[in-house]
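# Close look at the chain arrangement
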Amino acid sequence: LAQASWLLVIVGVAKELQQCLVRMTAINGLDYPVPLGIAYILLSGCVLRAIFVWMQLPASVGVMLSGFIFRHFFQDELLFARDELQELAFFLVLLTAGLEIRVEQLKWHIFVMAILPAACEILGIALYAYYVMQYTRLEGLVLGSVLAALGDGLVIPKMQEFGQSFPDHALPRLVSTWAPVEASFVLTTFGVLAGLATPEAATAIHRIVLANALRLVATLLVGIIFGAISGGFMNAISDQDFGPGIFTGSTSERLLMLLATTLWAFALGQGDEGHELVPMGFAKGSMFQPELLVIVTGACFAKISDHEILQKIEIALRDVWTFGQIFLFSMLGSKITPDLLPQLGHILPVMLVGLVWRLLGVALGILITCHSRERPRSILPDTMFCFLCTLPRATIQGALGGKPKELHFFGASLVCSYIFTAAQLYILCYSVTGMILLHTLGPKLLEWSEQLQKSPDLRIQQVAATAAKTELERTALLDSESAKSPSRRSSSAGEPGSSSQKTAASNASFSTIHGFDNYQPSLLGMKGRKETQDAKMLDASTSPKRQEVVVKALRPQKVTLKVSRAGPQEVQTKDGTISVDIPARAVGETFEFNFGPAPDYVLRAPWAPTERHYDFGRSDGRALHVPVPAGQKRVFLIPKGLMLDIPNGTSPGAVLCFKHPDKAAVSNWFTTRLPKNWRAGKRYLPVRLPKEEYQFEYGSGNFFQDMCQQFLLLIEQMWEDFTQMCQNCRFWR
């Protein structure tokens, strides 16, 4: 509900901005410098991404919103190159997906999950169009092939972030591997149907099938060749004997070579109909499928190249992809046309039928492949997660939606207009709602799936216990051998299968999570940092002076009482009597009062399924170590201090002396100073004890409350600085 309300507010603001921008463009026009348009794309995309992440909404939706606003004052040259910018950004998606594919992990269940759900959705939409909408079989199949494919440009980046949060979970890698394969399957299906739907097409069906089969084989063969050559060359230039003085072997140099090679491969499949770079010859279309060619090249490069080289290139490519995501989602957002929303009622039945058939296909695929994927115990959450991953739609719908009308399918009938409208509404509805649902429910489903998979039955428990006993005996034997041989000990400590290394690597990955939809951990100052005073411990021989005020110190505690009336009440504690101010809203209820220092800081951390540890620097030079349990995103840092009972009439700025309530543990006197802005009527002053660490509380709340408190603290600080300046001013005197 909170996210929905935020989304409604954002939509309202976007409409107001749209009206203002339309009025501005009517006056100023669209002829302005290209750098200004690029600056808007980068800056607005970055700002809206940060705002949406802060509101725990998908960052991609925020960037798409910036592109939607930009469409009303698009720079003319950028508008002309919009499709090329989106295509180049999508190329980075394909290359990243290809580099993450491991050839040895490609199994038959990936192709089942890539083909079966999409085929079911195409079939379901075609049956509905044939029996209910009175379309022909071919018209229904074309409608289904345009609408069925998931948006791999949206889903693959999200799976990469889930892969960081769940490094041992197989589903994010499964989805990111099958997504481009599904896109290739849908494009191939559409290519076969296009040869039958064009009125002037006289090509025989066997020639169309042969052309698509040849395209698939040629794409795989050329991709393997390109990947093998580039991977072998990268390995060779790392050798000092190869090309001395020509290549430096740096990561940036290797990345540029890889980008050039894969762009060349991507270009081989480009070209409009009749103007292909490498035409098929005996049939229409290109010899290569460009998306699949980039993926195969990247996967083969990852197979051939050294692991260290591949890891450095992936890290460098991730930085490049930061800019790519801004352009990709901005261009997708600029193509959203809300003017089609009144026609949603005509498209909604097709959407519902497609979703039902897609869910059936995903469920069937999960059931068929559960044993091949070695996940027989988490069928329900796996099905729900994979179904959510298929909801975002944008890439294929935007590419194929206008093709039937452009190529005059079915004699340019009304069916082509309906397909174009349905594709645009799919982008408008599914790209936003699909990403929000995947961003919100995806981590919970992955955690549920992981829990089910780790809860074995009794038979598996017995096998696991036997295996653990055997592993323990093997470890003891290795330890005894390593004690005899130092070289054996050093080699066994560096084994990649070492549990200590795995744990360290896991902690390191979780401590550095920062993706497009995540945020870096940050420590925000709270009101307690300003209100709580620092105390100093005096020497054992030092006693309070005459002008110093001796006060009583009380230990912090949580007070719970049944409220019968509002106002100040005296409550008896183990250190004495304290005064509690009861609000009127708590009358008749159980009131819990936190008597102690307020939190100094609140830590905002990205969600993760395991415990994380963060280190922050302090003003005194010491490191602040904060553990964050699994699933927690907010940690309050409360100082271990005391509460001082200030007598009435104490002057602001007075020196206070007190002893710790536990006099047996600490017998020295402590001293602090009453703040100069101490208001009459206040009674308790929180103080921090020297060399005391923070205690952590994991509470609820939201980032909006944190930012409001930050803003109020800033206003208070500015007002205090202003009053101090006025008091020091000669004119004020």
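This is a predicted model, so every value here is computed, not measured. (Residues numbered from 1 in each chain as written. Predicted model: local features only at pLDDT ≥ 70, side-chain atom pairs only at ≥ 80, totals over all residues. Heavy atoms only, no water.)

What follows covers the overall build of the protein chain. Of the regular secondary structure elements, the protein chain holds 23 helices and 18 strands. For the protein chain, the residues scored as buried account for 45% of the 733 residues in total. Summed over all atoms, the accessible surface of the protein chain reaches about 37,300 Å², with 62% contributed by carbon and sulfur. (Helix = DSSP H or I, 4+ residues; strand = E, 2+ residues; numbered from the N terminus. Buried < 20%, exposed > 50% of the residue type's maximum accessible area, 1.4 Å probe, protein only. Areas by Shrake-Rupley, 256 points an atom, 1.4 Å probe, with all protein chains shown as cover.)

Evaluated as defined, the whole model comprises 13 aromatic pairs. Judged by centre distance (6.2 Å) and plane angle (85°), the ring pair of Y135 and Y418 falls under edge-to-face. On the criterion of sequence distance, the pair formed by Y135 in the loop between α6 (108-131) and α7 (137-147) and Y418 in helix α18 (residues 414-453) is long-range, its members being 283 residues apart. Arranged with centres 4.8 Å apart and planes meeting at 85°, the rings of Y426 and Y430 form a pair that is edge-to-face. On the criterion of helical spacing, the pair formed by Y426 and Y430 is a turn pair, its members being four residues apart in helix α18. Just as Y426 is buried, Y430 falls in that class too. A network of ring pairs unites the aromatic residues Y40, F70, F73 and F74 as a single cluster. (Phe/Tyr/Trp six-rings, centres within 6.5 Å; stacked < 30°, edge-to-face > 60°.)

Attention now goes to the sheet that holds strand β16 (residues 669-673). Backbone hydrogen bonds are what pair the strands of a sheet, in a parallel or an antiparallel way. Pairing within the open sheet is mixed, and its four strands lie in the order β3-β16-β15-β4. In this open sheet, the two edge strands, each paired with only one partner strand, are β3 (536-537) and β4 (549-550). (Pairing = 2+ DSSP bridges.)

A surface patch of nonpolar side chains, amounting to about 300 Å² of accessible area, comprises V103, L106, F111 and I115. Structurally, V103 can be placed in the loop between α5 (82-100) and α6. (Patch = residues over 30% accessible without salt bridge, like charges linked within 9 Å, V, L, I, M, F, W, Y side chains within 5 Å. Salt bridge = Lys/Arg side-chain N within 4 Å of Asp/Glu carboxyl O.)

With that settled, consider the side chain of T297. Along the polypeptide, T297 turns up in helix α12 (residues 290-304). Residue classification places T297 among the buried positions, given a relative accessible area of 0%. For T297, the contacting residues outside a window of four places in its chain are G223, F226, G227, T262 and A265. (Contact = heavy atoms within 4.5 Å.)

Let us now look at the pattern of salt bridges. In the structure shown here, the tally under the stated rule is 11 salt bridges. Residue R393 pairs with E121 through a salt bridge whose shortest N-O separation is 3.1 Å. Of the two residues, R393 is situated in the loop between α15 (379-389) and α16 (395-400) and E121 in helix α6; the sequence distance between them amounts to 272 residues. Looking at R393, the relative accessible area reads 0%, which means it is buried. Among the salt bridges present, the one from R683 reaches D645, with a minimum N-O distance of 3.0 Å. In this pair, R683 sits in the loop between β16 and β17 (684-688) while D645 sits in strand β14 (residues 641-645), placing the two residues 38 residues apart along the sequence. Residues joined in a network through salt bridges with shared partners are E121, E182, R358 and R393.

Moving on, we get to the nonpolar core. If you look at the biggest cluster of nonpolar residues, it comprises 117 residues, and the most contacted ones within it are V142, L147, W178 and F385. In terms of residues, this core owes the most to one element, α18, which gives 18 residues. Ranked by size, the runner-up nonpolar core spans 14 residues in total, among them A535, L642, L674 and L689. (Core = buried A, V, L, I, M, F, W, Y, C linked by side-chain atoms within 4.5 Å.)

Looking now at the sheet that holds strand β1 (residues 522-525). Spatially, β1-β10-β13-β18 is the arrangement adopted by the four strands of the open sheet, whose pairing is antiparallel. Here the strands that pair on one side only, and so sit at the sheet edges, are β1 and β18 (694-697). Pairwise comparison of adjacent strand axes, ignoring direction, gives a mean angle of 25° for this sheet. Here strand β10 (residues 601-604) runs beside strand β13 (residues 634-639); their pairing, made up of four bridges, is antiparallel. In the strand pairing of β13, V602 is matched with F636. (Axes fitted to C-alpha atoms, helices over the stretch in contact; angles between N-to-C directions.)

The next thing to look at is unusual backbone geometry. The backbone phi angle of Q134 is positive, close to 60°, even though this residue is not glycine. Of note, Q134 is situated in the loop between α6 and α7. What makes Q134 exposed here is its relative accessible area of 61%. With phi around 60°, E374 is a residue other than glycine that occupies positive phi space. Position of E374 relative to the elements: it lies in the loop between α14 (344-369) and α15.

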